[in-house]
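So the chains spell out like this:
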Amino acid sequence: MSTDKITCLLNWHATPYHLPLFLAEKLNYFAEEGIKVAILEPNNPSDVTEIIGSGKVDLGCKAMIHTIAGKARGFPIKAIGTLLDEPFTGVVYLESQSGITTDFQSLRGKRIGYVGEFGKIQVDELTKHYGMTPADYTAVRVGMNVTGAIIRGEIDAGIGLENVQMVELEEWSVQQGRSRDDVKMLRIDELADLGCCCFCSILFIGNETFVQNNPKKVAAFMKAVKRGADYMFEQPAAAYELFVEMKPHMDSVVNRKIFQRSFRYMSRDLKNVQRDWDKVTRYCQRLEIVDDAFVQNMTNEFLTWPMQPDTPANFIHPTIDTGVLAKHAAIEV
């Protein structure tokens, strides 16, 4: 049985930074643009590029490095926009109990959790720059359970985002009577001298055949999401409450704080940033994921509104009070 719905597979279980996508559904923006969309959540985030590339799902979300790697491995996928720009990404750990410091060599002998194979590839490559080898640490694949694995003591540290896993661990640390400052990160962009965290920017991607054969639907999808993003930027607190109506578990303090922390990374114009793509392509060449002949699999052709100027290199957006924590005002932000 076929369906006229566009299927969209998230890169992770529904997370506060997915709000513009869900808002486009909640406020009927998809319908007003003449499309129906089914938003799907993965059981394993490592499957996303393969599922979209196979044509079993039309569109989805995925980090830039995975989008490039998926194409290099023969999956016909193309980036059609950006959801989350340059979230800080790195090795997250608890300073008080891990024995890890700001010195990368302190990872020697430690158990490092990673989501999918490219996280391990990144850490393996970094060992070469710090007088170590991949044999000097134990890699543990934990999928979407980085935070839980650290809390349970199954790993000493894990690859995560500043706006997600660090927030989760900070809240847990406070519950244990510790300071949230106990949660630290060795940023991969700084360790690797990349000049940006754009390798983990979360993109909108599509199956190339679907994109090529359905340009009007793809443009309508991106326009509806842009409308959702515009509403979010104009009324972040109201937008979040609409998200809570769709996903009641988003009403937790930790998810509200994840949204608060994620807000500064949200893309305002949804464009693929050429400068970032160039940096990540070079990084993927360094990781031997792609070769010099690689042709970037991205386009901005479906974004029909004016683009904003690129932010300066290494620019860090200020944290903005979104108002989503107002109902928990007695809790320290």
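All values reported here derive from a predicted model rather than from experimental measurement. (Residues numbered from 1 in each chain as written. Predicted model: local features only at pLDDT ≥ 70, side-chain atom pairs only at ≥ 80, totals over all residues. Heavy atoms only, no water.)

Caption draft 1: Molecular detail of the overall build of the protein chain. A count of helices and strands for the protein chain gives 14 helices and 10 strands. On C-alpha atoms alone, the protein chain measures out to a radius of gyration of 19 Å, which is about the 20 Å that the 2.2 N^0.38 rule sets for 333 residues. Taking the principal axes of the C-alpha coordinates as reference, the protein chain spans close to 55 × 55 × 45 Å. Across the 333 residues of the protein chain, 56% fall into the buried class. Contacts in the protein chain between residues at least 24 apart in sequence constitute 81% of all its contacts with a sequence separation of at least 6. Of the accessible surface of the protein chain, which amounts to about 14,200 Å², a share of 49% is contributed by carbon and sulfur atoms. (Helix = DSSP H or I, 4+ residues; strand = E, 2+ residues; numbered from the N terminus. Rg over C-alpha atoms; globule rule 2.2 N^0.38 Å. Buried < 20%, exposed > 50% of the residue type's maximum accessible area, 1.4 Å probe, protein only. Contact = heavy atoms within 4.5 Å. Areas by Shrake-Rupley, 256 points an atom, 1.4 Å probe, with all protein chains shown as cover.)

Caption draft 2: Examining the sheet that holds strand β5 (residues 89-94) more closely. Ordered in space as β7-β6-β8-β5-β9, the 5 strands form an open sheet in which the pairing is mixed. Looking at the sheet topology across the chains shown, the edges are occupied by β7 (138-141) and β9 (183-187). When strand polarity is set aside, the average angle formed by the axes of neighbouring strands in this sheet is 35 degrees. Two elements, β5 and strand β8 (residues 157-161), share 5 bridges in a ladder whose sense is antiparallel. Across the sheet, the residue bridging to Val91 is Ile159, located in β8. Docked against the sheet, helix α6 (residues 117-129) engages β6 (111-114), β7 and β8, running at close to 135 degrees with respect to β6. Contacting β5, β8 and β9, helix α8 (residues 165-175) runs over the sheet at an angle of about 160 degrees to β9. (Pairing = 2+ DSSP bridges. Axes fitted to C-alpha atoms, helices over the stretch in contact; angles between N-to-C directions.)

Caption draft 3: Region of interest: helix α1 (residues 19-26). Within α1, 6 of the 8 residues are buried, leaving the element largely enclosed by the surrounding structure. Listed in full, the buried residues belonging to α1 are Leu19, Pro20, Leu21, Phe22, Leu23 and Ala24. Note on α1: the residue one or two positions beyond its end, Asn28, has a positive phi of about 65 degrees.

Caption draft 4: Summary view of the nonpolar core. Grouped together as the largest cluster of nonpolar side chains are 114 residues, with contacts concentrated most on Phe30, Phe199, Phe204, Phe221 and Met222. Residues within four places of Phe204 in sequence aside, it is in contact with Leu21, Gly60, Cys61, Lys78, Ala79, Ile80, Gly81, Thr82, Leu83, Phe221, Met222 and Val225. (Core = buried A, V, L, I, M, F, W, Y, C linked by side-chain atoms within 4.5 Å.)

Caption draft 5: Here's a closer look at the packing of helix α4 (residues 64-72) against helix α14 (residues 274-286). Orientation of α4 relative to α14, taken along the N-to-C sense of each, is 60 degrees, at an axis distance of 10 Å. Judged by the angle between their axes, α4 and α14 are oblique. Crossing hand, α4 versus α14: right-handed. Residue-level contacts link Met64, Ile65, Thr67 and Ile68 of α4 to Asp276, Trp277, Val280, Thr281, Tyr283 and Cys284 of α14. Of the residues in the contact of α4 with α14, the class split is 7 nonpolar, 2 polar and 1 charged. (Parallel < 35°, antiparallel > 145°, perpendicular 65-115°, else oblique. Left-handed = near helix turned anticlockwise from the far one by under 90°. Nonpolar A, V, L, I, M, F, W, Y, C, P; charged D, E, K, R; others polar.)

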